[in-house]
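# Notes for the structure review
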Amino acid sequence: KAAKKAPPKKKAEVRVLKVAADSSQLHPRPASPALVAESRAKVAELQRQDDLRRLREAAKNSLEAYLYEVRDKMADQEAKVASVSTEEQREEVRTLLSEAEDWLYFGEGEDSDVSTYNQRRGEIRDKAEAILLRVSELEDRPAAVATARKLAAKARETAKAWSTSKPWLTDKELDDMVAEADALEKWLDDKEEKQAALEAWEAPALTSKAVPARSRTLVSTMERLKAKKKPPPPPKADKAKSNATANATASANATAGAAEGNDTVKVDVGDEGAQGEGPGEGAAGAAEGAGAGADEASGAGDGAEL
């Protein structure tokens, strides 16, 4: 057999194309102020819509979670709920829950606005929370009242103890503290009397949150008097000053004694018998001396006659 010849190879054709370079697009002109403002406005609008979407989703999720929360609470505390509410009140809450669920899952609630979601939640909260509050107050209110009464009793005991252990507290301060304790107990008595007159499904006259708020005045007074410190003792007199005062007193006494000694009068008439002390004694001595001189003169005259 004759050998087959290989096909001839094709020669590559090379063509040179000349292209004019255009670099105008490599250096774009700066945007005008109007274009910058327009771009910023678009970005701001996109951000606003994104924020609104997040708020809407949060409100929707919050409503959905609240519906489950109310249903669970009323089911878990069914006996207590029944004791503090009427059948009409419970049915009203159940109806609101069902309507909200239908609206949320099958109606316009799938894509509503934030205010509408919040409005739906508020309608349910007003009715459901009133019942749930009365349920919680069954235990919370008695505990709060008992704590407040213990506080009032403690205030009286403390005032009595402080009257001896803290003598720097005035009687008025301690009496005011006791008066505040009495006022707190009277307020509790009045509120409990009003609460007892209500039906279990009515709005409470006294809540557990109101009791600590009313007790705050007495607590503040007790804390203030407890923190009042004993006043410092009066400062001691300076020793040097005391010595100076004593020296001045002694000097004054010595001066007064010298003045009394200066009242003594001495009269010297040349004869020891004529000396006298004191105003009366000096005068008498002078008279006696004069009489003796006269006797001597008379005797001399008698001698001359002899």
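Below: a short report on this structure. (Residues numbered from 1 in each chain as written. Predicted model: local features only at pLDDT ≥ 70, side-chain atom pairs only at ≥ 80, totals over all residues. Heavy atoms only, no water.)

## Structural notes on the overall build of the protein
Operational definition: Put simply, DSSP H or I for four residues or longer makes a helix, DSSP E for two residues or longer makes a strand, and each gets a number counted from the N terminus. Each residue is assigned to one of three classes by its accessible area relative to the maximum for its type, calculated with a 1.4 Å probe on protein chains only: buried under 20%, partly exposed between the two thresholds, exposed over 50%. In what follows, a contact means two residues having at least one pair of non-hydrogen atoms within 4.5 Å. Per-residue and other accessible areas were derived by the Shrake-Rupley procedure at a 1.4 Å probe size, with only the shown protein chains allowed to occlude residues.
For the protein, the helix and strand inventory stands at eight helices and two strands. Its helices and strands taken in sequence order, the protein reads α-α-α-α-α-α-α-β-β-α from the N to the C terminus. When burial is assessed residue by residue, the protein has 20% of its 306 residues classed as buried. In the protein, once contacts between residues fewer than 6 apart in sequence are set aside, the share between residues at least 24 apart is 70%. When the accessible surface of the protein is split by element, carbon and sulfur atoms take 55% of a total near 23000 Å².

## Remarks on helix α6 (residues 210-227)
Keep this limit in mind: Here the expected length of a helix is defined as 1.5 Å per residue gap, with one fewer gap than residues. The angle separating two fitted axes, one through the seven residues that finish at a residue and one through the seven that start at it, defines the bend at that residue.
Taking 1.5 Å per residue, 18 residues should reach 26 Å; α6 reaches 27 Å between its end C-alpha atoms and fits that length. When the local axis directions of α6 are compared, the greatest deviation, roughly 40°, occurs at Arg-216. All buried positions along α6 are accounted for by Val-211, Ser-215, Leu-218, Thr-221, Met-222 and Leu-225. Buried residues along α6 sit in contact with α4 (114-165) and α5 (171-196).

## Here we look at the pattern of salt bridges
A side chain with one charge may pair with a side chain of the opposite charge, provided their charged atoms come close. To keep things clear, this is the line we draw: Here a salt bridge means any side-chain nitrogen of Lys or Arg lying within 4 Å of a carboxyl oxygen belonging to Asp or Glu.
Evaluated as defined, the whole model comprises 24 salt bridges. Between Glu-13 and Arg-15 there is a salt bridge whose closest N-O contact spans 3.1 Å. Considered together, Glu-13 and Arg-15 belong to a single accessibility category, that of exposed residues. A salt bridge links Arg-71 to Glu-101; the shortest N-O distance between them is 3.1 Å. Taken as a pair, Arg-71 in helix α1 (residues 33-76) and Glu-101 in helix α3 (residues 87-106) lie far apart in primary sequence, 30 residues in all. One network of salt bridges, in which partners are shared, links Asp-50, Asp-51, Arg-53, Arg-54 and Glu-57.

## Brief notes about the environment of Glu-99
Mapped onto the elements of the fold, Glu-99 is located in helix α3. With relative accessibility at 44%, the residue Glu-99 sits in the partly exposed group.

## Examining the packing of aromatic side chains
Where we set the bar: Pairing of aromatic side chains here covers Phe, Tyr and the six-membered ring of Trp, requires ring centres within 6.5 Å, and sorts the geometry by plane angle: under 30 degrees stacked, over 60 edge-to-face, intermediate tilted.
All chains considered together, the criterion is met by two aromatic pairs. When the ring of Trp-103 is compared with that of Tyr-117, the centres are 5.7 Å apart and the planes differ by 70°; the resulting orientation is edge-to-face. Taken together, the residues span a long stretch of sequence, with Trp-103 in helix α3 and Tyr-117 in helix α4 at a distance of 14 residues. Assessed through its relative accessible area of 12%, Trp-103 is described here as buried. Looking at Tyr-117, the relative accessible area reads 1%, which means it is buried. Judged by centre distance (6.5 Å) and plane angle (75°), the rings of Tyr-105 and Phe-106 are edge-to-face. Given a relative accessible area of 33%, Tyr-105 falls into the partly exposed group.

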